[in-house]
Amino acid sequence: MYDMIIIGAGPAGLSAAIYGVRAGKSVLVLEGKTYGGQIINTPEVENYPGIQKMSGFEFAKGLYEQAKNLGAQIKMEKAVSVEKRETGEQSDMEAAEADENESGTDASVFVVSTSKNSYEGGALILAMGAKNRMLGLPGEQELTGAGISYCATCDGMFYRDKVVAVNGGGSTALEDALFLSNYCKEVYLIHRRDAFRGEQKLVDALTKRENVRFILNSVVTALIGDGRLEGVSIKNKDGEEKTLKVDGLFIAIGQEPETALTKEMADMDEKGYIQAGEDCRTSVPGVFVAGDCRTKTVRQLTTAAADGAVAALMAVEYLG
Ligand code: NAP
């Protein structure tokens, strides 16, 4: 039995692991994909305090090694079910004490199963992060990997000297367009409004690139190509439609929380984010949430790491 089980080895989960082991707790981190979460797709991290410039992959590797070297057990196993089991009755005095300090410390054990094993923990930290949102257009799934990508840093090299489009208006889309403009012949940046949501610094950098064209107030309405993407249909706010011939489309229209695993367990908002305030406590005593899958307004590397620290320290307090 572990003191804490953390689901997700992104910046939130690994930060929680660091704080958990440093507080003397036994910590298991379970990860179904690869460590680092979404940050591994970021070419350059430039806004993490104290770090001038570092690739997202390098950042993730450092965090992983730090947690591991401090003593966290990190297993590459996908959690497939989570269950809370009561292990015994509390005495009246224990129950009263738990009510008083609101820690909710009851005799619960959290059982997390993967396809290989089952693990027990005294507290649970949910740090599953978020996944890329899809456009939801016909052919999107079939053409993924055949002209459609959600990761410019992973797939950009396949489009050297080709014509590509990026869809989205946040920092990810802006960074993707900037990255691709280094290698591609032409980069169209398609965004549904006339103002970008992402960082102005990135917009300024893009306006200086001669091979970048902005297509604003426009949405992608269809994906053209049989077996391989050949172009996209786009429609502007006046209802005019046109076809754009492209070799690749990079979709960067935000994320959705990866919270299906715990939907029966902790309260979520209507978008599927797990509800918790800045103390990272969920509706279930002993269960904490950290990072992009928590209800909050700012989802950044810094706030993910901060959540990890808070969730771990709250879990330590809960464990008593
Ligand atoms: P985001 O900020 O949520 O932006 C998503 C973009 O996609 C928005 O511009 C949105 O348009 C558009 N969009 C959403 N659904 C759409 C749809 N169905 N069709 C067309 N367009 C759609 O997502 P993100 O860019 O991935 O960034 C996620 C978080 O990571 C943000 O907090 C961001 O600041 C952070 N981040 C930071 C950095 C950095 O600091 N260097 C880099 C990358 C990401 P509207 O604007 O009209 O809503």
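Residues numbered from 1 in each chain as written. Predicted model: local features only at pLDDT ≥ 70, side-chain atom pairs only at ≥ 80, totals over all residues. Heavy atoms only, no water.

## Description of the domain arrangement of the chain
Each assigned domain of the chain is listed here: domain 1 (2–130 + 255–319) and domain 2 (134–251). When each unit is reduced to the centre of its C-alpha atoms, the spacing between domain 1 and domain 2 is 34 Å. Contacts between the two partners involve 6 residues from domain 1, matched on the other side by 7 residues from domain 2. Taken together, both faces of the contact between domain 1 and domain 2 bury some 470 Å²; the carbon and sulfur share is 42%. Taken as a group, Asn 41, Pro 43 and Glu 46 account for 68% of the area that domain 1 buries against domain 2, more than any other trio of residues on that side. (Domains from an automatic or database assignment. Contact = heavy atoms within 4.5 Å. Buried area = accessible area lost by both parts, 1.4 Å probe.)

## Quick look at unusual backbone geometry
Comment: phi is negative for the bulk of residues other than glycine, and the bulk of peptide bonds are trans. With phi around 65°, Asp 161 is a residue other than glycine that occupies positive phi space. Tracing the backbone shows Asp 161 in the loop between helix 5 (152–155) and strand 9 (163–167). Assessed through its relative accessible area of 57%, Asp 161 is described here as exposed. Within the chain, Asn 217 stands out as a residue other than glycine whose phi angle is a positive 50°. You can see Asn 217 is positioned in the loop between strand 11 (212–215) and strand 12 (218–224). (Helix = DSSP H or I, 4+ residues; strand = E, 2+ residues; numbered from the N terminus. Buried < 20%, exposed > 50% of the residue type's maximum accessible area, 1.4 Å probe, protein only.)

## A short note on the pairing of strand 2 (residues 27–30)
Burial along strand 2 is two-sided: the residues Val 27 and Val 29 and Leu 28 and Leu 30 are all buried. Looking at chain direction, strand 1 (residues 2–7) and strand 2 are connected through 4 bridges and run parallel. Bridging from a neighbouring strand, Ile 6 pairs with Val 29 of strand 2. With helix 1 (residues 11–22) bridging strand 1 and its parallel neighbour strand 2, the resulting β-α-β unit is right-handed. Where strand 2 meets strand 3 (residues 73–75), 3 bridges bridge the pair, whose relative direction is parallel. If you follow Leu 28 over to strand 3, its bridge partner there is Gln 73. For the handedness criterion, the β-α-β arrangement of strand 2, helix 2 (residues 56–70) and strand 3 is classed as right-handed. (Pairing = 2+ DSSP bridges. Right-handed = clockwise from strand over helix to strand, strands pointing away.)

## Some thoughts on the packing of aromatic side chains
Summed over the entire model, instances satisfying the criterion amount to 7 aromatic pairs. Taking the centre distance of 5.4 Å and the plane angle of 80° together, the rings of Tyr 159 and Phe 250 count as edge-to-face. Of this pair, Tyr 159 sits in the loop between helix 5 and strand 9 while Phe 250 sits in strand 15 (residues 248–251), placing them 91 residues apart in sequence. Among the residues examined, Tyr 159 registers a relative accessible area of 5% and is labelled buried. Taking the ring centre of Tyr 273 as reference, the NZ or CZ of Arg 299 above it sits at 3.9 Å. (Phe/Tyr/Trp six-rings, centres within 6.5 Å; stacked < 30°, edge-to-face > 60°. Lys NZ or Arg CZ within 6 Å of the ring centre and 35° of its normal.)

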